[in-house]
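Next come the chains, spelled out residue by residue.
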Amino acid sequence: MSENEALDYVVPQEGSNIFYDSICIPANAKNVPGAEKFIDFLCRADIAAMNYEYVGYAIPNTAAIELLGADEYNASPVNNPPQEVLDKCEVFKYLGDDTKLYDQIWTEIISEF
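First, a word on scope: everything that follows refers to the structure included in this document. Just so it is clear, the model here is predicted, and its values are computed rather than measured. Residue positions are counted from 1 within each chain, in the order its sequence is given. At least 70 in pLDDT is required for a residue's local features to be given in this predicted model, at least 80 for side-chain atom pairs to be given and counted, and no such filter applies to totals for whole chains, interfaces and linings, which use all residues. As a rule here, side-chain values cover all heavy atoms of the structure and leave hydrogens and water aside.

Quick notes on the pattern of salt bridges
Here is step 1: Whenever a carboxyl oxygen of Asp or Glu lies within 4 Å of a side-chain nitrogen of Lys or Arg, that contact is scored as a salt bridge. Evaluation of the coordinates by the stated rule reveals one salt bridge.
Here is step 2: Arg 44 is the salt-bridge partner of Asp 46, the closest N and O atoms lying 2.6 Å from each other.
Here is step 3: Relative accessibility decides the category of a residue: with a 1.4 Å probe and only protein chains considered, values under 20% of the type maximum give buried, values over 50% give exposed, and everything between is partly exposed. Classification of Asp 46 by relative accessible area gives partly exposed; the value is 33%.
Here is step 4: Judged by its relative accessible area of 42%, Arg 44 falls in the partly exposed class.

This is how it looks when you write it as structure tokens:
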């Protein structure tokens, strides 16, 4: 969108999914101190702000939001969708064997493009 004004972020009228990017350390990680330092690095306000500017996903890091300009950040419907939009969205849950059906339908949809 930053490179093409004709593009915009929209949530379909029917709704969409709510997702969260998470960082975790696997139980069998071989370098837990290194992983912890990397997470600390990503949580630094300046780095979190740079990451936001690159990926464009909303962030929970209030210090980074202040660096970015809280008023502008918080006013964005991409970062803070109105409640009526959120009410039509849901977090996807693991569907067990039904995942195969979703995969089949998704494959049919994208094969049309």
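Some points on the nonpolar core
Here is step 1: Grouping buried Ala, Val, Leu, Ile, Met, Phe, Trp, Tyr and Cys residues that are joined through side-chain atoms within 4.5 Å yields what is termed a nonpolar core. If you look at the biggest cluster of nonpolar residues, it comprises eight residues: Ala 48, Ala 49, Tyr 52, Ile 59, Ala 64, Ile 65, Ala 70 and Tyr 73.
Here is step 2: Among the elements of the structure, helix 2 (45-55), helix 3 (62-68) and helix 4 (70-75) are those that each provide at least two residues to this core.
Here is step 3: Broken down by element, the residue count for this core peaks at three residues, all from helix 2.
Here is step 4: Apart from the residues lying within four places of it in its own chain, the contact partners of Ala 48 are Leu 42, Ile 59, Asn 61 and Ala 64. Secondary structure follows DSSP: runs of H or I at least 4 residues long count as helices, runs of E at least 2 residues long count as strands, and numbering of each begins at the N terminus. Two residues qualify as a contact provided that any one of their heavy atoms is within 4.5 Å of a heavy atom in the partner residue.

Things to note about the packing of aromatic side chains
Here is step 1: Each aromatic pair joins two rings of Phe, Tyr and Trp (for Trp, the six-membered one) with centres within 6.5 Å, and gets the label stacked for planes under 30 degrees apart, edge-to-face for over 60, and tilted for any other angle. In total, this model carries three aromatic pairs according to the counting rule given.
Here is step 2: Considering the side-chain rings of Phe 38 and Phe 41, the 6.4 Å spacing of their centres and the 25 degrees angle between planes classify their relative orientation as stacked. Residue Phe 38 and its partner Phe 41 are located together in helix 1 (residues 32-43), separated by three residues, close to a single helical turn.
Here is step 3: For Phe 38, a relative accessible area of 45% translates into the label partly exposed.
Here is step 4: With relative accessibility at 35%, the residue Phe 41 sits in the partly exposed group.
Here is step 5: Look at Tyr 52 and Tyr 73: their rings are 5.3 Å apart centre to centre, the planes differ by 65 degrees, and that puts the pair in the edge-to-face class. One end of the pair, Tyr 52, is in helix 2; the other, Tyr 73, is in helix 4, with 21 residues separating them in the sequence.
Here is step 6: Judged by its relative accessible area of 17%, Tyr 52 is buried.

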